[in-house]
Amino acid sequence: MISRRALELTTATLTGTFGAAVVISSIENGIGWSTAGVDAGTFPFLTGLIVLVASLWNLGRGWLENGAAAVSSSDLRHLIALFAPAAVFVAAIPLIGVYVASGCYILGTLALLHRFSLPRSLLIAAATPVALYLVFERMFQVSLPHGALADVLGF
Amino acid sequence: MDNVESLLHGFTIAITLPHLALMLVGVLLGILVGVLPGLGAPNGVSLLLPLTFGMQPVSAIILLSSMYWGALFGGSVTSILFNIPGEPSSVATTFDGYPMARDGRATTALATAFGSAAFGALVGVVLITFLAAWVAQVALAFGPPEYFAVYFLAFASFVGMGGAPPPKTVVSLAAGFAIAAIGIDTVSGSVRLTMGIDELVKGISFVVAVMGLFGIGELLLAVEEEVQAKAVSSRIDWREVFRTLLDLPRHGWALLRSAAIGCWMGITPGGPTAASFMSYGIAKRFSPRSARFGQGEAEGIISPETADHAAGTSALLPMLSLGIPGSATAAVMMGGLMIWGLNPGPMLFIEQKDFVWGLIASMYVGNIVAVVLVLLTVPIFAALMRIPFFIIAPLIFIICTVGAYSVSNSYLDVVLMLGFGIVGYLFKKLSYPLAPLVLAIVIGDKAEDAFRQAMLMSKGSLAIFFSNALVTTLVLAGIALLLLPLVLQVAHMHTTTKPVLD
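Keep in mind the model is a prediction, meaning the values are calculated, not measured.

Hey, could you run me through the overall build of chain A in this one?
Each helix and strand counted, chain A has 5 helices and 4 strands in total. For 155 residues, the compact-globule estimate of 2.2 N^0.38 gives 15 Å, and chain A exceeds it by more than 25% at 23 Å. Across the 155 residues of chain A, 34% fall into the buried class.

Written out as C-alpha cells, the structure is:
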C-alpha cells in the first residue's frame, strides 16, 4: 500500500530535484543581461526557480496530507504486472529488436502472466510484429530497430 | 462577406475525393483511439504525426483534425455504453449517459450525445469562420511584448481557471517550459540543460512527452481501476435516432448555454474537460429538473457533450490566429504545423490561405462525417471493448513505443517516453494538470523568443510590458487571473469562518 502522503512527497521531491537541476545547469549558461541581450540561461533559470519554489510548496502541502491509501496493494500488483514486463520489453529492444521483443512481450504477458490460452496468445504474439512490419517498414518506410541480434544474424 | 467567400473556396479544397478519404480514415482512427482506454486524442494525433511528414500540410491537418473529431465522439460511446470514459473530456457524459443507456434507452442516449456534440462543434466552427480572421488581423499589429503578454495571459488562465491546485499547475507549466529549453538555444547557439547526455542536444520532442504522459500514464491508471466492460445493448434503432434528433431543439436554451461555455473554455485555454464539467455543473444547478440529474436526464447528456465539442473545436481558433493552442490536442497539432514548416499565427491567414480555409471547411464536413460514421460503427467499436484489457494494454504499449521511436529513430526517446509515463501516472493520480505541461513544451521556445526580443527592444527593462494600453491590459489581466485562486480562497475562508465568529 502506498499512502497519498508518500505519493505527494515523492512527486514533489521529483519535480523539486528537476527544478534544482535546471537552475544549476542554467547558471552555467549564464543568466542576466549582457550586450547580446538576455543570456541563454535566464529563461530556463526562471522556470527552474518557479518549479523549485512551487515544488517546495507542494512538499509542504503533501507533508500535511493524512496517510490514507492512494494505491492499494492489489492496485500495486496490477501496476507492477503491467509496468515490469513493459520495462523489460523496452530494455530488450537494443538487444533483440522491436519485432522479436514485441512478440515475446505479448506472449509472456498473455500466456504466462494472465494464463490466456496458448494458441491464441501465440497467434496475437505472431500477428503483432507482422502488423508492425507491414505498417511501419512497408507502408510508411520507417525503419524500426532490429537489434544487435539481427546484426549478428546478418539481417 | 470576405469570410464566406474564403470559406466557399475552402470547401473546394476540403471536398475532394482524397480529402474525403482522409477524413474517413481520420475519423475511424479517431473513434478507435477514443474508444480504447489508454489511447486518447492527444497521443492518437501524435502517433499519426510522424506519418504525415511526407504529406501536403492541408491534407495532413485534415487527417489529424478528423482524428480529433473522431476521438471526441468515440470517447462518448464508451461513456454511455460502458460507463468508462474513453477520453477525460467525456467523464461528465457518464453521469447521465450511462444511467439512460442502462434503462434500455441506449439509442436515445447516444443520439442525444451525438446530436448535441454536433451542435457544439458547429457553433465552434462558425465562431472560427467569423472570428479567426478578425483576431488574426488584430494580432498582426502585435510585437514581441504583446505576444509574450498573450502567452502570459494564456498560462495565467490555466492557473486561475483550470480547477487544479494552483501550485501544481505552476509546477506543470514551468516544468514544460524547462523541457522546451533543453537542447540548442536558437538565439545564442549554446547547449542548454542536457545534463551531460549528448543526445539531448536535439531537444525533447513533444510527441515523446505526449506519448508517455497521456499514453503510458493513462494505461497505468486504467490497469489500476481494472476496467471491466459490462456493456448495455449497443444495437442502434434508427427511427429512435431521428426522433431524438428532432426532439433536440426543445433543449435549445441548454444547447446554446453549453455551446457558449464550451467556446469560452476552448478559446481561453481551459480545454474541453473543464468545459464539460463546468457545463454539467451549471445545468444541474439551474435546471428545474435538477433532482433528476444523475439518473438519465437528457440535459445531463446535452450539457457536457455540447460544451466538450464546442471547446474542442474552438480550441483551434487561438491556435490558428495567435499560435496559442487551446487544448493539449490542439498543442500537438500546432507542433505538427511547425514541423511541416508553417508558422502558426496571424501570418497564416495571409500566407497560407488555402491551408487555413481548407482546414476550416473540412471542420464542417469532418464533423458530419464523424456523426454518421460513429452511429454506423457503434456496434463494432462496442464489440472491441469486450476484448479483455490485459490483451489491449501490451498492444497499446507497443504502439506508443514504436510511435515514440519513429519521431526521430532514437532509442533514447523510448526510454524518455517510459519516464514521462511514470510522471504522467503520478501527475494524474495527484491532480497535477497535464495539458499546461504539453502546451508549455510546444510553445516554450516561442514564448521565450518573444520575451528575449521584448527585452532586446527595451534594453533589459521589464517596463516594456507596461509600455502601451494593450500590453498593460493583457499583463494586468494575466496577473488578475494568477491571483484569482488566492482571492477566492480568502473569500471562502471569510464566509466559512463567519458562523464561528457569530
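Where do I start with the overall build of chain B in this structure?
When you go through chain B residue by residue, the secondary structure sums to 20 helices and 2 strands. Taken over the C-alpha trace, chain B has a radius of gyration of 22 Å; the compact-globule value for 502 residues is 23 Å, and the two agree within 12%. Once the C-alpha set of chain B is aligned to its principal axes, its extents read approximately 70 × 70 × 55 Å. Residues classed as buried in chain B amount to 61% of the 502 residues present. The contacts of chain B with a sequence gap of at least 6 include a subset with a gap of at least 24, amounting to 79%.

Quick question: what am I supposed to make of the interface of chain B and chain A here?
Many structure descriptions define interface size as the accessible area lost when the parts assemble. Each partner contributes to the interface: chain B provides 48 residues, whereas chain A provides 50 residues. Elements supplying a minimum of two residues to the side of chain B that touches chain A: α7 (166-181), α8 (206-225), α17 (389-408), α18 (411-429) and α19 (435-458) of chain B. Ranked by the residues each element gives to the side of chain B that touches chain A, the list is headed by α17 of chain B, at 11 residues. The residue inventory of the side of chain B that touches chain A, partitioned by class, reads 34 nonpolar, 6 polar and 8 charged.

Explain helix α3 (residues 73-113) of chain A here, please?
The α-helix winds at 3.6 residues per turn, so residues separated by three or four positions along the chain end up facing the same way. Taking 1.5 Å as the rise per residue, α3 of chain A with 41 residues should run 60 Å; its terminal C-alpha atoms sit only 18 Å apart, a clear shortfall. Positive phi shows up at Arg115 of chain A, right after α3 of chain A, with a value of about 50 degrees.

Can you walk me through the environment of Val125 of chain B in this structure?
All names here are of chain B. Mapped onto the elements, Val125 comes out in helix α5 (residues 91-139). The spatial distance from the C-alpha of Val125 to the C-alpha of Ile422 is 36 Å, given a sequence separation of 297 residues. In contact with Val125, not counting residues within four places along its chain, are Thr313, Ile360, Met363 and Tyr364.

Help me out: how do you make sense of α17 of chain B in this one?
Residue and element names in this part refer to chain B. Spanning 20 residues, α17 covers 30 Å between terminal C-alpha atoms, matching the ideal 28 Å at 1.5 Å per step. For α17, the tally of buried residues reaches 16 of 20 residues, placing the bulk of the element in the interior. With its phi angle positive at about 45 degrees, Asn409 sits one or two positions after the end of α17.

It is not clear to me how the domain arrangement of chain A should be interpreted in this structure. Could you clarify?
Taken domain by domain, chain A holds domain 1 (2-71) and domain 2 (73-153). Computed from C-alpha coordinates alone, the two centres of domain 1 of chain A and domain 2 of chain A are separated by 36 Å.

Explanation requested: the packing of helix α2 (residues 42-64) of chain A against α7 of chain B in the structure shown.
Between two packed helices, both the angle of their axes relative to each other and the distance between the axes serve to describe the pair. Two elements in contact, α2 of chain A and α7 of chain B, have axes separated by 8 Å at closest approach and are oriented at 150 degrees. Taken together, α2 of chain A and α7 of chain B sit at an angle that is classed as roughly antiparallel. Between α2 of chain A and α7 of chain B lies a crossing whose hand is left-handed. On the side of α2 of chain A, the interface is formed by Phe43, Pro44, Thr47, Gly48, Ile50, Val51, Ala54, Ser55, Trp57 and Asn58 of chain A, while α7 of chain B contributes Pro167, Lys168, Val170, Val171, Ala174, Ala175, Phe177, Ala178 and Ala181 of chain B. Class assignment for the residues of the contact of α2 of chain A with α7 of chain B results in 14 nonpolar, 4 polar and 1 charged.

Could you clarify how one ought to interpret the nonpolar core in this entry?
As a rule of thumb, soluble globular proteins bury nonpolar side chains together. Val51 of chain A together with Tyr151, Ala174, Met417 and Val438 of chain B are the most contacted members of the largest nonpolar core, which has 211 residues in total. With 23 residues, α5 of chain B is the largest single contributor of residues to this core. Shared between two domains, this core takes at least three residues from each, and those domains are domain 1 (2-71) and domain 2 (73-153) of chain A. Ala174 of chain B has contacts with Thr47, Ile50, Val51 and Ala54 of chain A, leaving out every residue within four places of it along the chain.

Sorry if this is basic, but what is going on with unusual backbone geometry here?
Negative phi characterises most residues that are not glycine, and trans characterises most peptide bonds. All names here are of chain B. Phi is positive for Leu193, which is not a glycine, with a value near 55 degrees. One can find Leu193 in the loop between β2 (191-192) and α8. Non-glycine residue Lys459 carries a positive phi angle of around 55 degrees. Along the chain, Lys459 turns up in the loop between α19 and α20 (469-501). C-beta crowding within 10 Å serves as the criterion here: with 9 such atoms nearby, Lys459 is assigned to the exposed category.

Would you explain the packing of helix α10 (residues 252-267) of chain B against helix α12 (residues 298-314) of chain B in this entry?
All names here are of chain B. With their axes 7 Å apart at the nearest point, α10 and α12 run at an angle of 35 degrees to one another. Crossing handedness for the pair α10 and α12: right-handed. Touching Ala254, Leu255, Ser258, Ala259, Ile261, Gly262, Cys263, Met265, Gly266 and Ile267 of α10 are Glu299, Ile302, Ser303, Thr306, Ala307, Asp308, His309, Ala310, Ala311, Gly312, Thr313 and Ser314, all from α12. Here the contact of α10 with α12 is built from residues that sort into 11 nonpolar, 9 polar and 2 charged.

Is there a simple way to think about the confidence of the model for chain B in this case?
Low pLDDT marks stretches whose predicted atomic positions should not be read closely. Residues and elements named next belong to chain B. The share of residues in chain B with pLDDT of 70 or more is 96%, and the mean pLDDT across the chain is 88. Throughout residues 498-502 the model reports pLDDT below 50, and contacts reaching past four residues in sequence, or to other chains, amount to 0 contacts. Our summary of model confidence lists the complex with pTM equal to 0.88 and ipTM equal to 0.94.

How should the environment of Gly26 of chain B be read in this particular structure?
Residue and element names in this part refer to chain B. You can see Gly26 is positioned in helix α2 (residues 17-35). In the structure, Gly26 is positioned 61 residues away from Glu87 in sequence and 17 Å away in space, judged by C-alpha atoms. Apart from residues no more than four positions distant in its own chain, Gly26 is found in contact with Leu63, Leu64, Ser66, Met67 and Gly70.

Rules of the game
Residues numbered from 1 in each chain as written. Chains lettered and ligands numbered in written order. Predicted model: local features only at pLDDT ≥ 70, side-chain atom pairs only at ≥ 80, totals over all residues. Helix = DSSP H or I, 4+ residues; strand = E, 2+ residues; numbered from the N terminus. Rg over C-alpha atoms; globule rule 2.2 N^0.38 Å. Buried ≥ 20, exposed ≤ 12 C-beta atoms within 10 Å, placed from the backbone. Contact = placed C-beta atoms within 7 Å. Nonpolar A, V, L, I, M, F, W, Y, C, P; charged D, E, K, R; others polar. Expected span 1.5 Å × (residues − 1). Domains from an automatic or database assignment. Axes fitted to C-alpha atoms, helices over the stretch in contact; angles between N-to-C directions. Parallel < 35°, antiparallel > 145°, perpendicular 65-115°, else oblique. Left-handed = near helix turned anticlockwise from the far one by under 90°. Core = buried A, V, L, I, M, F, W, Y, C linked by C-beta atoms within 7 Å. pLDDT = per-residue confidence, 0-100.

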